[in-house]
Amino acid sequence: MPRYIIALALLPFVAACTISEPNPPSVSARDVDLAFANAARASTLPVADTFDLPTGTVTYDGQIGADVNGDTLGSVLADMRMVVDFRDNDIGGDVTNINLIDQNGIPNQRFDGSLTISGFENNGDLDAGARGRIGAVDINGNDLDADMFLDLEGTVRNDRSFGDTVYGSATGDVRGDFNLDVEGVFYGERR
């Protein structure tokens, strides 16, 4: 019985000294290079004419890659799912798997949390925002939370078929326990 009392008495002390570990990155340096090459390729595709646009709802899977500066320097790479309803001119979707990459292109950690995309489509022009709460761990093992806001502006483009790609800018910021300015691009291909 005394052993249990000692163990329970030490529990609050141990909990107070707990240091968090960051989530391991879920991408490699090769994934980062490939994502930026795919985005560069998407940027060269022709913008879809109005008569080339899909009808109904189309899901585009891709990524967001952006440089960040502020409390840290480097970049982020995240998965993006953009759902465009060409009939009702709505945009939805999400941004997940948000990884912080250091200045040397080496993945550092994966942020907790995700972003929700919402916005509007008009004749192939895309105007949306992505927002949500993300979490990180600093070099001292402290948990940090912040709100991330991205402005996604782009166009529907033609690659292998009409209107099968989206591409545009992704700019915004992160504000909270840590602060970052974000400037980059997004791209996606029809699922």
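Caption draft 1: How the structure looks around the layout of surface pockets. Its boundaries defined by the atoms lining it, the largest pocket holds a volume of some 330 Å³. Those elements giving two or more residues to the lining of the largest pocket turn out to be β4 (107-110) and β7 (125-137). Grouping the constituent residues of the lining of the largest pocket by class yields 8 nonpolar, 3 polar and 3 charged.

Caption draft 2: Geometry of a negative patch on the surface. Taken together, the side chains of Asp 112, Asp 143, Asp 145 and Asp 177 present a region of like negative charge at the surface. When you line up the elements, Asp 112 lands in strand β5 (residues 112-113).

Caption draft 3: Structural context of the pairing of strand β1 (residues 57-70). Note: β1 against strand β2 (residues 74-85), 12 bridges, orientation antiparallel. For Tyr 60, the partnering residue across the bridge sits in β2 and is Met 82. The antiparallel hairpin formed by β1 and β2 contains 3 residues in its connecting segment. By the bridge criterion, 11 bridges tie β1 to strand β10 (residues 180-190) in an arrangement that is antiparallel. Looking at β10, one finds that Val 68 is bridged to Val 182.

Caption draft 4: Highlighting the environment of Ser 43. The topology assignment puts Ser 43 in helix α2 (residues 29-43). Accessibility expressed as a relative area gives 30% for Ser 43, which makes it partly exposed. The spacing of Ser 43 and Asp 151 is 108 residues in sequence and 17 Å in space, taken between C-alpha atoms. Filtering out sequence-adjacent residues up to four positions away, Ser 43 remains in contact with Arg 157 and Tyr 167. At 2.6 Å, the side chain of Ser 43 forms a polar contact with the backbone oxygen of Ala 40.

Caption draft 5: Spotlight on unusual backbone geometry. With a phi close to 60°, Asn 89 is a non-glycine residue in the positive phi region. Relative to the helices and strands, Asn 89 resides in the loop between β2 and β3 (90-101). Overall, Asn 89 belongs to the partly exposed group, its relative accessible area being 30%. Notably, Asn 97 is not glycine yet its phi reads approximately 55°, a positive angle. Residue position: Asn 97 is located in strand β3.

Conventions we followed
Residues numbered from 1 in each chain as written. Predicted model: local features only at pLDDT ≥ 70, side-chain atom pairs only at ≥ 80, totals over all residues. Heavy atoms only, no water. 1 Å grid on protein atoms, 1.4 Å probe; cavity = no way out; pocket = protein on both sides within 12 Å on 5 of 7 lines; lining within 4 Å. Points joined across faces, edges and corners; volume = space filled by probe spheres on them. Helix = DSSP H or I, 4+ residues; strand = E, 2+ residues; numbered from the N terminus. Nonpolar A, V, L, I, M, F, W, Y, C, P; charged D, E, K, R; others polar. Patch = residues over 30% accessible without salt bridge, like charges linked within 9 Å, V, L, I, M, F, W, Y side chains within 5 Å. Areas by Shrake-Rupley, 256 points an atom, 1.4 Å probe, with all protein chains shown as cover. Salt bridge = Lys/Arg side-chain N within 4 Å of Asp/Glu carboxyl O. Lys, Arg positive; Asp, Glu negative; His and termini not counted. Charge placed at Lys NZ, Arg CZ, Asp CG, Glu CD. Pairing = 2+ DSSP bridges. Buried < 20%, exposed > 50% of the residue type's maximum accessible area, 1.4 Å probe, protein only. Contact = heavy atoms within 4.5 Å. Polar contact = N/O pair within 3.5 Å; in protein donor to acceptor, adjacent residues only side chain to side chain.

Functional significance is not addressed by these values, which are geometric in nature.
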